[in-house]
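Given next are the chains, with one letter for each unit.
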Protein chains: 2
Amino acid sequence: MKDFSIYENMLDDKQYHELRSDLLEKNTADIAQLLEHIPVDKAVLIFRMLPKNMAAEVFADLFSDVKQSLIERLSDTEIHFIIEELFLDDAADFIEEMPATIAKKVLANAKPETREEINRLLKYPENSAGSIMTVEYVDLKREMTVRDSFERIRKTGTDKETLYTCYVTDSERRLEGIVTAKTLMLSERDDVIGDIMDDDGIIVAETLEDQEEVAFKFNKYDLLSIPVVDSERRLVGIITVDDIADVVQEEATEDFEKMAAMLPSEKPYLKTGVFRLFKNRIGWLLFLMISGMGTGLILQSFEHALVAVPLLVTFIPMLTDTGGNAGSQSSTLIIRGMAVAEISLHDFLKVAWKEIRVSFLAGVVLSMVAFLRVFLMNMNDPEVYIKGAVISLTLIFTVFIAKLCGCMLPMLAKKVKIDPAVMAAPLITTIVDASSLLVFFSIAKLLLNI
Amino acid sequence: MKDFSIYENMLDDKQYHELRSDLLEKNTADIAQLLEHIPVDKAVLIFRMLPKNMAAEVFADLFSDVKQSLIERLSDTEIHFIIEELFLDDAADFIEEMPATIAKKVLANAKPETREEINRLLKYPENSAGSIMTVEYVDLKREMTVRDSFERIRKTGTDKETLYTCYVTDSERRLEGIVTAKTLMLSERDDVIGDIMDDDGIIVAETLEDQEEVAFKFNKYDLLSIPVVDSERRLVGIITVDDIADVVQEEATEDFEKMAAMLPSEKPYLKTGVFRLFKNRIGWLLFLMISGMGTGLILQSFEHALVAVPLLVTFIPMLTDTGGNAGSQSSTLIIRGMAVAEISLHDFLKVAWKEIRVSFLAGVVLSMVAFLRVFLMNMNDPEVYIKGAVISLTLIFTVFIAKLCGCMLPMLAKKVKIDPAVMAAPLITTIVDASSLLVFFSIAKLLLNI
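Fair warning: this is a prediction, and the values are worked out from it, not measured in the lab. (Residues numbered from 1 in each chain as written. Chains lettered and ligands numbered in written order. Predicted model: local features only at pLDDT ≥ 70, side-chain atom pairs only at ≥ 80, totals over all residues. Heavy atoms only, no water.)

Looking at the interface of chain B and chain A
Part 1 of the reasoning: Opposite the 113 residues of chain B that make contact, chain A presents 113 residues.
Part 2 of the reasoning: Interface of chain B and chain A: buried area, both sides summed, is about 10,300 Å²; carbon and sulfur atoms make up 68% of it.
Part 3 of the reasoning: Summed over the three residues of chain B that lose the most area to chain A, namely Met 185, Phe 256 and Tyr 269 of chain B, the buried surface amounts to 8% of that side.
Part 4 of the reasoning: On the surface where chain B and chain A come into contact, there are 4 salt bridges.
Part 5 of the reasoning: One salt bridge connects Glu 355 of chain B with Arg 281 of chain A, and the closest N-O pair in it is separated by 2.8 Å.
Part 6 of the reasoning: At the surface where chain B touches chain A, the tally comes to 31 residue pairs in polar contact (both at pLDDT 80 or more).
Part 7 of the reasoning: Counting residues per element, the side of chain B that touches chain A draws most heavily on helix H17 (residues 274–301) of chain B, at 18 residues.
Part 8 of the reasoning: Across the side of chain B that touches chain A, the residue classes break down as 61 nonpolar, 23 polar and 29 charged. (Contact = heavy atoms within 4.5 Å. Buried area = accessible area lost by both parts, 1.4 Å probe. Salt bridge = Lys/Arg side-chain N within 4 Å of Asp/Glu carboxyl O. Polar contact = N/O pair within 3.5 Å; in protein donor to acceptor, adjacent residues only side chain to side chain. Helix = DSSP H or I, 4+ residues; strand = E, 2+ residues; numbered from the N terminus. Nonpolar A, V, L, I, M, F, W, Y, C, P; charged D, E, K, R; others polar.)

Structure follows, in structure tokens:
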């Protein structure tokens with residue numbers, strides 16, 4: 001599948017018939033991949049060969065820049081077919097990604113009802129359950145039979161996993177119960193929905209609920225789909241597991257970015273421009289550089305000690321690196337633990353006590369190795385024991401402070417509703433740098449009588 | 001749901017009847033959460049109140065330490081019921097997590113066939129498709145009718161999403177096609193499976209395929225389940241989307257841990273002991289500390305310059321921090337991009353060129369700010385312009401090296417089949433530290449004539 005040139009060649013040789021029957025046997029995700037890797041003029045030709053419903057599926061799978069290039073080249077009629085065939089949630093996502101002129105052109109080619117539905121979806125705040133839900137689902141009524149239900153499924157004609165749970169609503173569209181496809185298949189055709197539906201403890205999402213919360217529910221209850229209700233418990237849509245999988249990936253990627261001191265990016269790396277990458281990174285770089293200069297001031301205040309014992313300088317990178325690493329180990333575990341809801345704010349003391357014990361073990365081992373190293377490198381120095389002791393004590397203290405900051409700052413951030421991912425390696429490193437150098441020189445001055 | 005004491009109180013007051021009917025209305029995931037938060041003796045009492053099939057579901061949802069406590073308190077008959085009711089993949093996972101004595105006790109209480117199946121599952125290598133598949137699925141034959149199929153689904157009696165795709169196999173269990181529940185529901189009861197099944201381009205996983213690869217397929221093709229076949233294309237099991245969701249979470253967590261210089265942990269943070277946390281962290285801490293001492297040697301070789309111009313020391317934290325941050329921004333994006341298959345090794349030059357341009361923009365901005373800062377803080381120093389130039393030039397170089405290492409090292413690691421996540425912030429920082437200090441003092445010696 002990786003060699004796309006055979007398809008280009010078939011185009012060049014005008015083997016349209018063979019090409020088309022090849023395409024019909026392919027998976028839509030693979031066709032989308034093909035279209036993304038060939039010149040756009042050829043992509044349009046291939047796209048036009050696809051049957052209508054397949055074309056819409058392929059279209060939904062494309063990156064937004066390829067979508068845009070296609071739309072710019074398609075006729076109004078073709079655009080009309082695509083927008084009507086797309087799932088409404090996919091259509092809304094697509095409209096949201098396009099520049100205003102393209103979005104307008106597409107909406108102008110949609111039916112008024114479709115346009116209205118898309119606009120309604122676009123109004124939900126970003127990252128809310130409403131913004132990722134689809135409005136295509138099978139809704140049944142209590143008094144229907146299984147036979148009626150099959151008829152309704154046939155009419156709804158959806159072909160995602162949307163139909164494996166059907167939703168029973170009353171006359172005001174309030175959710176009354178759910179019926180799984182399994183129940184339908186195992187029931188007699190004359191059974192009545194009201195008798196076979198499940199109406200106990202249905203798990204629902206609210207339109208304004210955060211998508212991360214919804215993802216937790218999917219994970220906890222092993223859901224395939226969840227009904228989305230408004231404030232009056234009226235069913236307004238559903239969210240399916242494939243959309244949640246995307247949410248989980250995106251949220252993890254965002255955390256990776258924030259934890260490496262960047263603003264989260266909207267697009268994949270290769271699709272993000274140089275200037276946007278620069279803008280996402282420079283803010284934190286500047287802030288942390290200026291903070292690092294603050295640490296420099298601490299060093300400056302110990303200039304006298306540095307000139308007296310130049311050897312001290314050589315330990316600076318080792319101390320600051322170790323502090324940064326020890327701190328980022330703790331903060332990473334705590335941030336991730338909170339992100340996947342394994343650690344909550346109630347665990348504050350438990351976490352702190354754990355980290356204190358780990359920091360003690362790690363501090364002792366590191367300081368022993370560092371002492372040995374100082375000793376071996378400076379055996380002729382009459383003050384070697386004292387210098388070793390300065391390093392060892394500083395290390396124990398540094399690791400302690402680092403691990404404590406590393407676990408406490410993310411939890412405090414969460415407490416005051418700041419994203420804990422901000423309290424990751426870069427910021428922890430800067431904070432720990434300053435405190436470890438302060439301790440280092442204070443101990444050195446004391447023990448070495450500088 | 002968060003207040004578990006009401007259930008404890010009901011137990012203490014012997015309100016068994018009310019408690020049981022309360023439980024029956026609950027979701028199994030919520031009951032599992034309850035059992036994890038009350039004393040184990042009470043948990044056993046509640047667990048015993050549950051109907052058999054519900055008990056197995058609750059059991060599968062428990063953390064392994066709670067599973068073990070329960071098993072230690074249950075009778076052989078009770079253990080027999082649980083192990084027979086569990087899905088085989090859940091049973092195998094559970095046996096794997098238990099200490100040998102418990103595992104033996106449980107297997108001794110299983111039927112011989114169950115024992116054999118579990119042992120077969122346990123033989124697949126960790127993280128392979130075989131190790132996460134389930135062997136409970138609906139298999140149909142070509143010549144069956146839709147009516148026969150419904151009968152078979154009823155007999156298989158599974159209640160996960162396992163039945164929404166049925167698999168058609170020949171007499172040698174080779175996979176011939178798939179039939180979705182949707183197709184079954186929309187067909188006439190007398191239709192024959194061979195006529196309605198889909199046999200074009202079925203996406204399969206092989207038993208030994210890495211679970212991450214399987215997760216990519218789920219994501220790319222929006223699958224609910226995937227058939228797992230052996231080397232002769234015989235169907236041996238299926239993997240369902242809920243298990244894949246767990247894989248995706250675990251793989252992301254592992255990357256977070258590795259990228260913060262830790263060995264990945266098997267268990268959630270709060271369930272991991274202090275000594276195990278210490279062991280996971282100390283190796284990298286030691287290695288990086290010793291590397292940091294190497295950087296110290298570079299400083300030592302410039303002792304002369306440091307004594308001549310003590311001001312230089314005060315820039316060390318700022319330079320090393322900025323280098324580390326700039327590098328970890330790039331490495332994080334590249335490692336994550338490769339983990340979610342957005343960046344491949346073919347993109348090497350594209351990535352490097354992008355990072356070079358970003359590093360130039362960031363380097364120029366940072367160096368201008370740093371120059372200004374040096375100027376403002378040292379206006380009376382006759383050499384202020386030269387010192388500012390030293391800092392600015394070093395910063396440009398440092399950011400360049402950092403971003404280049406940050407993007408290239410993870411890709412090179414992948415090329416030589418090392419996990420790219422190792423080439424993250426901590427290691428990059430150490431490498432960049434050394435090179436930026438070397439450049440800093442070289443430029444300083446040259447421009448300041450030390």
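Topic: the packing of aromatic side chains
Centre distance and the angle of the planes are the two values used to describe a pair of aromatic rings.
Part 1 of the reasoning: Going through the model one piece at a time under the given rule, you end up with 19 aromatic pairs over all chains.
Part 2 of the reasoning: The interplanar angle of 0° and the centroid separation of 4.4 Å between the aromatic rings of Tyr 164 of chain A and Tyr 164 of chain B together place this pair among those described as stacked. Here the residue Tyr 164 of chain A occupies a position in the loop between helix H12 (146–156) and strand E2 (165–169), and Tyr 164 of chain B occupies one in the loop between helix H12 (146–156) and strand E2 (165–169), the pair thus bridging two chains.
Part 3 of the reasoning: Judged by relative accessible area, Tyr 164 of chain A falls into the buried class, the value being 6%. (Phe/Tyr/Trp six-rings, centres within 6.5 Å; stacked < 30°, edge-to-face > 60°. Buried < 20%, exposed > 50% of the residue type's maximum accessible area, 1.4 Å probe, protein only.)

With respect to the relation of the copies chain B and chain A
Part 1 of the reasoning: It takes a turn of 180° to lay chain B on chain A, together with a shift of 0.0 Å along the axis; the resulting RMSD is 0.1 Å. Such a turn and shift between the copies fits a two-fold axis. No C-alpha of chain B lies nearer the rotation axis than that of Val 307 of chain B, which sits 2.9 Å from it.
Part 2 of the reasoning: The share of interface residues of chain B whose copies in chain A are also at the interface is 100%, consistent with both copies meeting through the same surface. (Least-squares fit on C-alpha atoms with pLDDT ≥ 70 in both.)

Notes on the nonpolar core
Buried together is how nonpolar side chains tend to be arranged in soluble globular proteins.
Part 1 of the reasoning: Judged by nonpolar contacts, the single largest core of 162 residues is most densely connected at Ile 239 of chain A together with Ile 239 of chain B.
Part 2 of the reasoning: If sequence neighbours within four positions are ignored, Ile 239 of chain A has contacts with Ala 129, Ile 132, Met 133, Val 214, Phe 218, Leu 224, Ser 225, Ile 226, Val 228 and Ile 244 of chain A.
Part 3 of the reasoning: Counting residues in hydrophobic clusters, the runner-up holds 110 residues, among them Val 399 and Cys 407 of chain A together with Ala 326 and Phe 440 of chain B. (Core = buried A, V, L, I, M, F, W, Y, C linked by side-chain atoms within 4.5 Å.)

Some words on the sheet that holds strand E5 (residues 225–229) of chain A
Residues and elements named next belong to chain A.
Part 1 of the reasoning: Sheet architecture is open: 3 strands sit in the order E4-E5-E6, paired in mixed fashion. Edge positions in the sheet fall to strand E4 (205–206) and strand E6 (235–240), since each has one partner strand and no second.
Part 2 of the reasoning: Examined bridge by bridge, E5 and E6 share 5 bridges and lie antiparallel to one another. Note that in E6 the partner of Val 228 across the bridge is Gly 237.
Part 3 of the reasoning: Of the strands in this sheet, E4, E5 and E6 touch helix H15 (residues 211–221), which is tilted by about 140° from E5. (Pairing = 2+ DSSP bridges. Axes fitted to C-alpha atoms, helices over the stretch in contact; angles between N-to-C directions.)

Considering helix H22 (residues 425–448) of chain B
Part 1 of the reasoning: With 24 residues, H22 of chain B should cover 34 Å at 1.5 Å per step; its first-to-last C-alpha distance of 32 Å lies within 8% of that length.
Part 2 of the reasoning: Remark: Asn 449 of chain B follows H22 of chain B within two positions and exhibits a positive phi of approximately 55°. (Expected span 1.5 Å × (residues − 1).)

A short note on the sheet that holds E2 of chain B
Residues and elements named next belong to chain B.
Part 1 of the reasoning: With respect to topology, 3 strands assemble into an open sheet ordered E1-E2-E3, the strand pairing being mixed. Because the sheet does not close on itself, it has two edges, and the strands there are strand E1 (139–140) and strand E3 (175–180).
Part 2 of the reasoning: Both E1 and E2 contribute to a ladder of 2 bridges, which runs parallel. By the bridge assignment, Leu 140 is partnered in E2 with Val 168.

Remarks on the state of the cysteines
Part 1 of the reasoning: Per the stated rule, a full pass over the model turns up 0 disulfides over all chains.
Part 2 of the reasoning: Summary of cysteine pairing: Cys 166 of chain A is not part of a disulfide, and the nearest cysteine sulfur, belonging to Cys 166 of chain B, is at 16 Å.
Part 3 of the reasoning: What makes Cys 166 of chain A buried here is its relative accessible area of 0%.
Part 4 of the reasoning: Of all cysteine sulfurs, the one in Cys 407 of chain A lies closest to Cys 405 of chain A, which takes part in no disulfide; the gap is 8.6 Å. (Disulfide = S-S within 2.5 Å.)

What to know about the packing of helix H6 (residues 64–73) of chain B against helix H9 (residues 100–108) of chain B
Residues and elements named next belong to chain B.
Part 1 of the reasoning: Here H6 crosses H9 at 55°, and the two axes come no closer than 11 Å. As the angle between them shows, H6 and H9 are arranged oblique. Relative to H9, H6 is oriented so that their crossing is left-handed. Counting all contacts with H6, which are made through Gln 68, Ile 71 and Glu 72, the residues of H9 involved are Ile 102, Lys 105 and Val 106.
Part 2 of the reasoning: Residues belonging to the contact of H6 with H9 are distributed by class as follows: 3 nonpolar, 1 polar and 2 charged. (Parallel < 35°, antiparallel > 145°, perpendicular 65-115°, else oblique. Left-handed = near helix turned anticlockwise from the far one by under 90°.)

Re a nonpolar patch on the surface
Residues and elements named next belong to chain A.
Part 1 of the reasoning: Together, Tyr 385, Ile 386, Leu 393, Leu 446 and Leu 447 give the surface a local cluster of nonpolar side chains, amounting to about 490 Å² of exposed area.
Part 2 of the reasoning: In terms of residue count, the dominant contributor to the nonpolar patch is helix H21 (residues 384–415) (3 residues).
Part 3 of the reasoning: Position of Tyr 385 among the secondary structure elements: in helix H21.
Part 4 of the reasoning: Tyr 385 gets classed as exposed once you look at its relative accessible area, which sits at 54%. (Patch = residues over 30% accessible without salt bridge, like charges linked within 9 Å, V, L, I, M, F, W, Y side chains within 5 Å. Areas by Shrake-Rupley, 256 points an atom, 1.4 Å probe, with all protein chains shown as cover.)

Some points on the side chain of Ser 367 of chain A
Residues and elements named next belong to chain A.
Part 1 of the reasoning: The topology assignment puts Ser 367 in helix H20 (residues 348–377).
Part 2 of the reasoning: Here the side chain of Ser 367 touches Val 364 through a polar contact of 3.0 Å, landing on its backbone oxygen.
Part 3 of the reasoning: Setting aside its immediate chain neighbours within four residues, Ser 367 contacts Ser 392, Leu 395 and Ile 396.

Concerning the pattern of salt bridges
Part 1 of the reasoning: Inspection of the entire model under this criterion finds 43 salt bridges over all chains.
Part 2 of the reasoning: Across the pair Asp 12 of chain B and Lys 42 of chain B runs a salt bridge whose closest N-O atoms are separated by 3.5 Å. In this pair, Asp 12 of chain B is assigned in helix H1 (residues 5–12) and Lys 42 of chain B in helix H4 (residues 40–49), connecting sequence segments 30 residues apart.
Part 3 of the reasoning: Among the ionic pairs, Asp 41 of chain B bridges to Arg 73 of chain B, the shortest N-O distance being 3.3 Å. Residue Asp 41 of chain B is found in helix H4, and its partner Arg 73 of chain B is found in helix H6; the two are separated by 32 residues along the sequence.
Part 4 of the reasoning: Salt bridges sharing partners connect three or more residues here, namely Glu 8, Asp 12 and Lys 42 of chain A.

Let's talk about the confidence of the model for chain A
Part 1 of the reasoning: For chain A, the mean per-residue pLDDT works out to 89, and 98% of the residues sit at or above 70.
Part 2 of the reasoning: Predicted complex, confidence summary: ipTM 0.83, pTM 0.84. (pLDDT = per-residue confidence, 0-100.)

Some points on unusual backbone geometry
Residue and element names in this part refer to chain A.
Part 1 of the reasoning: Although it is not a glycine, Asn 127 sits at a positive phi angle of roughly 65°.
Part 2 of the reasoning: Despite not being glycine, Ala 261 shows a phi value in the positive range, around 60°.
Part 3 of the reasoning: Locating Ala 261 in the fold gives a position in the loop between helix H16 (241–259) and helix H17 (274–301).
Part 4 of the reasoning: Accessibility expressed as a relative area gives 3% for Ala 261, which makes it buried.

Focus: a negative patch on the surface
Part 1 of the reasoning: There is a patch of like negative charges on the surface, built from Glu 18, Asp 22 and Glu 25 of chain A together with Asp 198, Asp 199 and Asp 200 of chain B.
Part 2 of the reasoning: As for its position among the elements, Asp 198 of chain B is in the loop between helix H14 (193–196) and strand E4 (205–206). (Lys, Arg positive; Asp, Glu negative; His and termini not counted. Charge placed at Lys NZ, Arg CZ, Asp CG, Glu CD.)

Observations regarding the packing of helix H1 (residues 5–12) of chain A against helix H2 (residues 16–24) of chain A
Residues and elements named next belong to chain A.
Part 1 of the reasoning: Where H1 contacts H2, the axes come no closer than 8 Å and their chain directions differ by 145°. Like other packed secondary-structure pairs, H1 and H2 cross with a definite hand, here left-handed. Within the contact between the two elements, H1 uses Tyr 7, Met 10 and Leu 11 and H2 uses Tyr 16, Glu 18, Leu 19 and Asp 22.
Part 2 of the reasoning: Here the contact of H1 with H2 is composed, by residue class, of 5 nonpolar, no polar and 2 charged.

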